[in-house]
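What follows is the residue order along each chain.
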Amino acid sequence: MWGRKSSGSSGGGGGNFDAAGCTALFNKYVDAEEDPFSIGMDGISTLCDDLDLDPTSDVRVLVLMFKLGANAKPGQISQSEWNSGMQALGMSSLDDLKAGLAGMDTGFMEQAEFRKFYKFVFQFSREGTHRTIEKDMIVALLQMVLAERNNTHLNSFCAFLEASGEEAVRITLDQWTSFLEFSTLIPEDCAGYDEDDENCSWPVLIDEYVDWKQKSKKK
């Protein structure tokens, strides 16, 4: 999902914020010919290389982008976001970022912050003007983002998406966020789930998942 094209401190910052050093680090990852004011996917991938992160499986790169406030456009971070985010984190250099990685695990997030992060992941991972994401990428993102959250529905929901064929090719933000809410409220065996409950309206995708899971248990 990542790769080159073909709110609070993490505790990693050193001493005083060095604006010049922060800007120099930003410029290292910018493609001046493509956009001199934003770091795109190629630059983020290079940053991951320098931080010894695997962008296809290590959630910390997404946590970093979240904490830096990369909200303006999917898949990139602007210079203003970078500078203000780095300053808020007390970081100015690559060494600062490396030192801060230990605190950029989703396991350190309270539920309220994690919900914001979870929504950010979808928005940041969109491609261009698309408002939906292909299900294969959704599966990869879910496995990355929820791996440390003890989500009892994660594996079965991913299996459901992979088996859904053309029925669920692209996933919406509402479906993405609803799955997190569903998996927080509904036990693994889906006991008590009622798709007709007017007080708890789920997207059709969730109804289909529950139906798929119940049928799978009968086989």
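Computed from a predicted structure; not experimentally measured.

A. Region of interest: the overall build of the chain. On a plain count of helices and strands, the chain comes out with ten helices and four strands. Each of the three principal axes of the chain carries a C-alpha extent, and together these read 60 × 35 × 30 Å. Put simply, the chain has 219 residues, and 45% of those count as buried. Here the chain displays about 11300 Å² of accessible surface, and carbon together with sulfur accounts for 46% of that area. Side chains of the chain carry 20 positive and 36 negative charges; the gap between the two charge centres is 1 Å.

B. The nonpolar core, seen in detail. Ranked by size, the top nonpolar core spans 65 residues in total, and within it Met65, Trp82, Phe117, Leu142 and Phe182 carry the most contacts. Apart from residues lying up to four places away in sequence, Leu142 is in contact with Tyr118, Ala147, Leu154, Phe157, Cys158, Leu161, Trp176 and Phe179.

C. Seen up close, empty space enclosed by the protein. Computed from the structure, the largest cavity encloses a volume of approximately 40 Å³. Residue lining of the largest cavity: Tyr118, Ile138, Leu142, Phe157, Leu161, Ile171, Gln175, Trp176, Phe179 and Leu205, and that is the complete set. Put simply, the parts of the chain that give the lining of the largest cavity at least two residues each are helix H7 (135-145), helix H8 (154-163) and helix H9 (173-185). The greatest single-element share of the lining of the largest cavity, amounting to three residues, is contributed by H9. Here the residues of the lining of the largest cavity are counted per class, giving nine nonpolar, one polar and no charged.

D. Focus on H8. Residues of H8 that are buried: Leu154, Ser156, Phe157, Cys158, Phe160 and Leu161. Packing partners of the buried residues in H8 comprise H7, strand S4 (170-171), H9 and helix H10 (204-218). The positive-phi residue at the C-terminal boundary of H8 is Gly165, with phi of around 60 degrees.

E. Layout of the packing of H9 against H10. Viewed as axis vectors pointing N to C, H9 and H10 meet at an angle of 50 degrees, and their least axial separation amounts to 9 Å. If you check the angle between H9 and H10, you find them oblique. Judged by residue contacts, Gln175, Phe179 and Phe182 of H9 engage Leu205, Ile206, Tyr209 and Val210 from H10. Its residues assigned to classes, the contact of H9 with H10 comprises six nonpolar, one polar and no charged.

F. Representation of the packing of aromatic side chains within the structure. One pass over the full model with this rule turns up 17 aromatic pairs. Between Phe114 and Phe117, the aromatic rings sit 6.1 Å apart at their centres with planes inclined by 50 degrees, giving tilted as the arrangement. Separated by three residues within a single helix, Phe114 and Phe117 lie in helix H6 (residues 111-125), roughly one turn from each other. Phe114 sits in the buried class, given a relative accessible area of 1%. Aromatic ring contacts, followed pair by pair, group Phe66, Phe114, Phe117, Tyr118, Phe120, Phe122, Phe124 and Trp176 into a single cluster. Geometry around Phe114 places Arg149 over its ring, the cationic atom sitting 4.0 Å from the centre.

Cut-offs applied
- Residues numbered from 1 in each chain as written.
- Predicted model: local features only at pLDDT ≥ 70, side-chain atom pairs only at ≥ 80, totals over all residues.
- Heavy atoms only, no water.
- Helix = DSSP H or I, 4+ residues; strand = E, 2+ residues; numbered from the N terminus.
- Buried < 20%, exposed > 50% of the residue type's maximum accessible area, 1.4 Å probe, protein only.
- Areas by Shrake-Rupley, 256 points an atom, 1.4 Å probe, with all protein chains shown as cover.
- Lys, Arg positive; Asp, Glu negative; His and termini not counted.
- Charge placed at Lys NZ, Arg CZ, Asp CG, Glu CD.
- Core = buried A, V, L, I, M, F, W, Y, C linked by side-chain atoms within 4.5 Å.
- Contact = heavy atoms within 4.5 Å.
- 1 Å grid on protein atoms, 1.4 Å probe; cavity = no way out; pocket = protein on both sides within 12 Å on 5 of 7 lines; lining within 4 Å.
- Points joined across faces, edges and corners; volume = space filled by probe spheres on them.
- Nonpolar A, V, L, I, M, F, W, Y, C, P; charged D, E, K, R; others polar.
- Axes fitted to C-alpha atoms, helices over the stretch in contact; angles between N-to-C directions.
- Parallel < 35°, antiparallel > 145°, perpendicular 65-115°, else oblique.
- Phe/Tyr/Trp six-rings, centres within 6.5 Å; stacked < 30°, edge-to-face > 60°.
- Lys NZ or Arg CZ within 6 Å of the ring centre and 35° of its normal.

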